[in-house]
Amino acid sequence: MQEKRLSADRLGAFSDAVIAVIITVMVLELKPPEGSRFADLLPLWPTAISYAASYLFIAVIWVNHHHLLHLVRQPTPRLIWLNFVHLFAVSLLPFATAWVARSHMAAAPVVVYAVIFLLIDLAYLAFERAVLAQADQSAISERVRTWTQRRTLLALLVFAAGAAIAPFMPLLGFATVCCALLLYLRPEAISGLAKQIKS
């Protein structure tokens, strides 16, 4: 049992390291203004908004991923590869964030931004289902399973809507993508299940 727990912890440690690198790369894209006045900061508003949104998204991704990993009994090869796919999708965020900022939220970059989140959520859905499939069946009610999967599917629809809106109204498309955050802000159900399993 201890060996299995160590394997799951190692998977979590690797994921934490990758997410830390992603945040670092994103921070390096932040460039100071050329001038020395407060007014020189105003043109950087797309950078500030896109960076803040992406940082918050990554924080939400980490929190939900962290709670989900507590349900892993044994990291199977399939589960490990699904985790790699999910992390790959998340690693595209610095590129999309920088493009959105430099283009001042033009249509094409916002579409790419939304599509990347669609890919992240698709990968998370596959990872989530793989974890729930191997989790202790007695500790997870069918209601909670249904809720977690419906939440992820609803987020997919929100990201798809953001991608569809962005070519015509980029700011509204960006705002729509950000609305999906609300679905992941409270992973208490998964957290509660983790406590049950550990006890």
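A.B. asks: Give me the overall build of the chain: which residues, what numbers.
C.D. replies: For the chain, the count of helices and strands is eight helices and zero strands. When the helices and strands of the chain are placed in sequence order, the string is α-α-α-α-α-α-α-α. Counting all 199 residues of the chain, 43% fall into the buried class. For the chain, the exposed area adds up to about 10,700 Å²; of that, 69% sits on carbon and sulfur atoms.

A.B. asks: Got a sec to walk through empty space enclosed by the protein? Specific residues and values, please.
C.D. replies: On inspection of all chains with the given rule, the structure shows one cavity of 30 Å³ or more. Together, Phe57, Val60, Ile61, Asn64, His86, Phe117, Ile120, Asp121, Tyr124, Phe159, Leu181 and Tyr184 line the largest cavity. For the lining of the largest cavity, the secondary structure elements donating two or more residues are helix 2 (45-69) and helix 5 (107-134). Looking at the lining of the largest cavity residue by residue, the classes come out as nine nonpolar, two polar and one charged.

A.B. asks: Describe the nonpolar core, listing the residues and the values that go with them.
C.D. replies: Within soluble globular proteins, side chains that are nonpolar tend to cluster in buried spots. In terms of nonpolar packing, the biggest core is built from 46 residues, with Tyr113, Phe117 and Ile120 touching the most fellow members. Contributing elements (two or more residues each) for this core: helix 1 (2-28), helix 2, helix 3 (77-91), helix 4 (93-102), helix 5, helix 6 (142-165) and helix 7 (170-179). Among the elements that make up this core, the one with the highest residue count is helix 5 (11 residues). Residues contacting Tyr113, with those up to four places away along its chain left out, are Ser50, Ala53, Ser54, Phe57, Leu93, Ala96, Thr97, Val100, Phe174 and Val177.

A.B. asks: Outline the packing of aromatic side chains, supporting the account with residue identities and numerical values.
C.D. replies: On inspection of all chains with the given rule, the structure shows 10 aromatic pairs. Relative to Phe84, the ring of Trp81 has its centre 5.6 Å away and its plane inclined at 45°; by these criteria the two rings are tilted. Note that Trp81 and Phe84 are positioned in helix 3 at a spacing of three residues, about one turn of the helix. When its relative accessible area of 59% is taken as the criterion, Trp81 is described as exposed. Overall, Phe84 belongs to the partly exposed group, its relative accessible area being 37%. Considering the side-chain rings of Phe95 and Trp99, the 6.1 Å spacing of their centres and the 35° angle between planes classify their relative orientation as tilted. Here the residue Phe95 and the residue Trp99 both occupy positions in helix 4, the gap between them amounting to four residues, near one helical turn. Among the residues examined, Phe95 registers a relative accessible area of 52% and is labelled exposed. Members of the aromatic cluster, connected to one another through ring pairs, are Phe57, Tyr113, Phe117, Phe159 and Phe174.

A.B. asks: Give me a nonpolar patch on the surface: which residues, what numbers.
C.D. replies: A cluster of nonpolar side chains, Phe14, Trp81 and Phe84, forms an exposed patch at the surface whose accessible area comes to about 350 Å². Relative to the helices and strands, Phe14 resides in helix 1.

What counts and how
- Residues numbered from 1 in each chain as written.
- Predicted model: local features only at pLDDT ≥ 70, side-chain atom pairs only at ≥ 80, totals over all residues.
- Heavy atoms only, no water.
- Helix = DSSP H or I, 4+ residues; strand = E, 2+ residues; numbered from the N terminus.
- Buried < 20%, exposed > 50% of the residue type's maximum accessible area, 1.4 Å probe, protein only.
- Areas by Shrake-Rupley, 256 points an atom, 1.4 Å probe, with all protein chains shown as cover.
- 1 Å grid on protein atoms, 1.4 Å probe; cavity = no way out; pocket = protein on both sides within 12 Å on 5 of 7 lines; lining within 4 Å.
- Points joined across faces, edges and corners; volume = space filled by probe spheres on them.
- Nonpolar A, V, L, I, M, F, W, Y, C, P; charged D, E, K, R; others polar.
- Core = buried A, V, L, I, M, F, W, Y, C linked by side-chain atoms within 4.5 Å.
- Contact = heavy atoms within 4.5 Å.
- Phe/Tyr/Trp six-rings, centres within 6.5 Å; stacked < 30°, edge-to-face > 60°.
- Patch = residues over 30% accessible without salt bridge, like charges linked within 9 Å, V, L, I, M, F, W, Y side chains within 5 Å.
- Salt bridge = Lys/Arg side-chain N within 4 Å of Asp/Glu carboxyl O.

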